[in-house]
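# Fold and contact review
Here is what each chain is made of, one letter per residue.
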Amino acid sequence: MSESATEEKTQTIETPEGTFTIRLTMDDMGDIYPGMIRYNIEVLRGTETVYTYAINSYEIPPGSLFDARKTADIVFARLAQDVSSRPHLYLRPRVFTRPLPGDTVDVVILQGSPRRFGNSAKIASWCDDEAARAGLSSRVFYLQDMDIRACIGCYVCYDQGYCPVDDDMPRLIRALETASLIVVCTPVYTNTVPAPLKAAMDRCQWLHAREKVLGKEVRARGLLIAVAGRRGKEAFTCVTGVVRAFMGNLGIRFAEPILIGDLDRLRDVAEIEGIEEEIRASLRVLLVSGDEG
Ligand SMILES: Cc1cc2nc3c(=O)[nH]c(=O)nc-3n(C[C@H](O)[C@H](O)[C@H](O)COP(=O)(O)O)c2cc1C
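The structure displayed is predicted, hence computed values, not measured ones.

### A closer look at the packing of helix H2 (residues 119-133) against helix H9 (residues 275-289)
Direction vectors running N to C along H2 and H9 enclose 45 degrees, while the axes themselves pass 9 Å from each other. One way to sum up the angle between H2 and H9 is to call them oblique. Remark: the crossing between H2 and H9 carries right-handed chirality. From H2, Ile 123, Trp 126, Cys 127, Asp 129, Glu 130, Ala 131 and Arg 133 reach across to H9, where they touch Ile 275, Glu 276, Ile 279, Arg 280, Leu 283, Arg 284 and Leu 287. Looking at the contact of H2 with H9 residue by residue, the classes come out as eight nonpolar, no polar and six charged.

### Quick word on the nonpolar core
Formed by 49 residues in total, the largest nonpolar core has its most connected members in Val 108, Leu 110, Leu 143, Leu 172, Ile 182 and Val 243. For this core, the secondary-structure elements that each account for two or more residues are strand E5 (107-111), helix H3 (157-160), helix H4 (169-178), strand E7 (181-187), helix H5 (195-203), helix H6 (205-214), strand E8 (221-227) and helix H7 (237-249). Residues contacting Val 108, with those up to four places away along its chain left out, are Arg 139, Phe 141, Leu 172, Ala 175, Leu 176, Ala 179, Leu 181, Ile 182 and Val 183. Grouped together as the second largest cluster of nonpolar side chains are 24 residues, Cys 185, Ile 225, Val 227 and Ile 279 included.

### Quick word on the site of the ligand
Near the ligand you find 17 residues, and of these Ser 113, Arg 115, Asn 119, Ser 120 and Val 188 are the closest. Measuring from an oxygen atom of the ligand, one finds a side-chain N or O atom of Ser 113 at 2.6 Å. Coverage of the ligand by the protein chains reaches 76% of its 650 Å² of free accessible surface. Of all the elements in the fold, those that place two or more residues in the shell around the ligand are H2 and helix H8 (263-266).

### Focus: the environment of Asn 191
Of note, Asn 191 is situated in the loop between E7 and H5. Judged by relative accessible area, which is 38%, Asn 191 ranks as partly exposed. Measuring from C-alpha to C-alpha, the distance between Asn 191 and Thr 240 comes to 10.0 Å, with 49 residues separating the pair along the chain.

### Digging into the side chain of Thr 240
Following the sequence through the fold, Thr 240 ends up in helix H7. Within the local environment of Thr 240, its side chain forms a polar contact with the backbone oxygen of Phe 236, the two atoms lying 2.6 Å apart. Beyond its immediate stretch of four places on either side in the chain, Thr 240 contacts Leu 224, Phe 254, Pro 257 and Leu 259.

### Considerations on helix H1 (residues 68-85)
Quick reminder: α-helices carry 3.6 residues per turn. Residues three or four places apart thus point the same way. With 18 residues, H1 ought to run about 26 Å at 1.5 Å a step, and its terminal C-alpha atoms sit 26 Å apart, in line with that. Those residues of H1 lying buried are Ala 68, Thr 71, Ala 72, Val 75, Phe 76, Leu 79, Ala 80, Asp 82 and Val 83. Summarising the contacts, the buried residues of H1 are in contact with strand E1 (6-15), strand E2 (18-28), strand E3 (37-45) and strand E4 (48-56). In this structure Asp 67 caps H1, since a side-chain oxygen of it lies 3.3 Å from the backbone nitrogen of Arg 69.

### Focus on the pairing of E5
The buried fraction of E5 is high, at five of five residues. By the alternation rule, side chains of E5 split into Val 107, Ile 109 and Gln 111 and Val 108 and Leu 110, which are all buried. As paired elements, E5 and strand E6 (residues 138-142) share five bridges and run parallel to each other. Its bridge partner lying in E6, Gln 111 is registered against Tyr 142. With H2 bridging E5 and the parallel E6, this β-α-β connection has right-handed handedness. Note: E5 against E7, five bridges, orientation parallel.

### Quick look at the UniProt feature "domain: NADPH-dependent FMN reductase-like" (unreviewed entry) in the chain
The UniProt entry lists residues 106-232 under the feature "domain: NADPH-dependent FMN reductase-like" (unreviewed entry), expressed in the numbering used here. For residues 106-232, helix accounts for 38% and strand for 19%, while the C-alpha atoms at its two ends are 33 Å apart.

Scoring rules and cut-offs
Residues numbered from 1 in each chain as written. Predicted model: local features only at pLDDT ≥ 70, side-chain atom pairs only at ≥ 80, totals over all residues. Heavy atoms only, no water. Axes fitted to C-alpha atoms, helices over the stretch in contact; angles between N-to-C directions. Helix = DSSP H or I, 4+ residues; strand = E, 2+ residues; numbered from the N terminus. Parallel < 35°, antiparallel > 145°, perpendicular 65-115°, else oblique. Left-handed = near helix turned anticlockwise from the far one by under 90°. Contact = heavy atoms within 4.5 Å. Nonpolar A, V, L, I, M, F, W, Y, C, P; charged D, E, K, R; others polar. Core = buried A, V, L, I, M, F, W, Y, C linked by side-chain atoms within 4.5 Å. Buried < 20%, exposed > 50% of the residue type's maximum accessible area, 1.4 Å probe, protein only. Near = heavy atom within 4 Å. Polar contact = N/O pair within 3.5 Å; in protein donor to acceptor, adjacent residues only side chain to side chain. Areas by Shrake-Rupley, 256 points an atom, 1.4 Å probe, with all protein chains shown as cover. Expected span 1.5 Å × (residues − 1). Pairing = 2+ DSSP bridges. Right-handed = clockwise from strand over helix to strand, strands pointing away. UniProt positions renumbered as here; feature names shortened; annotations may be inferred.

Given below as structure tokens:
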């Protein structure tokens, strides 16, 4: 039970396997989203927690038959019945938290273009190389090649800090959680970012939930490097807004973006005089500034 939780009801059940307590508590999570409430159910054998369940009010769409409180009451009653009739299933704790798979890295580079050898991929490789020169570990995530599904808006991540969708996202979350610099390299697609990058950013709501539920803070700087076919800064208005919102949501400090247009005409970003050095220099500044400013 978290410190802010209030107890709603408890039930004690005597069984041949010992005394069990089922406890329903309520957490006011209004500081995360307006009116968000989480109900937590714990099954204890003696003083040891052997099972947990949680549901929050944002999980329940407006057209649902039951609200979160009613659902929690139903689960409470079903658990009471189950513990009474099958106490042997509640002898040992079920797994409540699990480590995320994948590696920790200093620099995460989100490569948003589906083109493996395109401009964003080239820029990503310069960033990757600059991180290596600084003696840091880095990883380029080619989002097009990963199995990252769209967020289903279930809000289950706000229960215990885990997303129920089974795909490649956990290793990205793991890397983002530990990185000190996050670089987004992307082309402009229909004024915004390509779909796989948008999907990954939406799914990072999970990271926001982990910050709020598990206190896993992201302490990173963020840099956007975007390329566009058209000339002028207007092509980047939405991309900048979307990436800024993504980083702002996670508390990532957004550095001055690097926006490179006119690529329909120029084709290859490497042909722009001085651009590679400009990007590398920006990286160097962010890599040494670390947690400052
Ligand atoms: C589906 C699609 C949509 C695009 N939409 C825009 C756009 O809205 N504005 C723009 O300036 N360029 C647009 N472009 C051009 C790309 O941003 C440009 O070709 C970029 O250099 C591609 O980057 P990449 O080499 O990293 O894939 C679009 C390209 C594609 C394939």
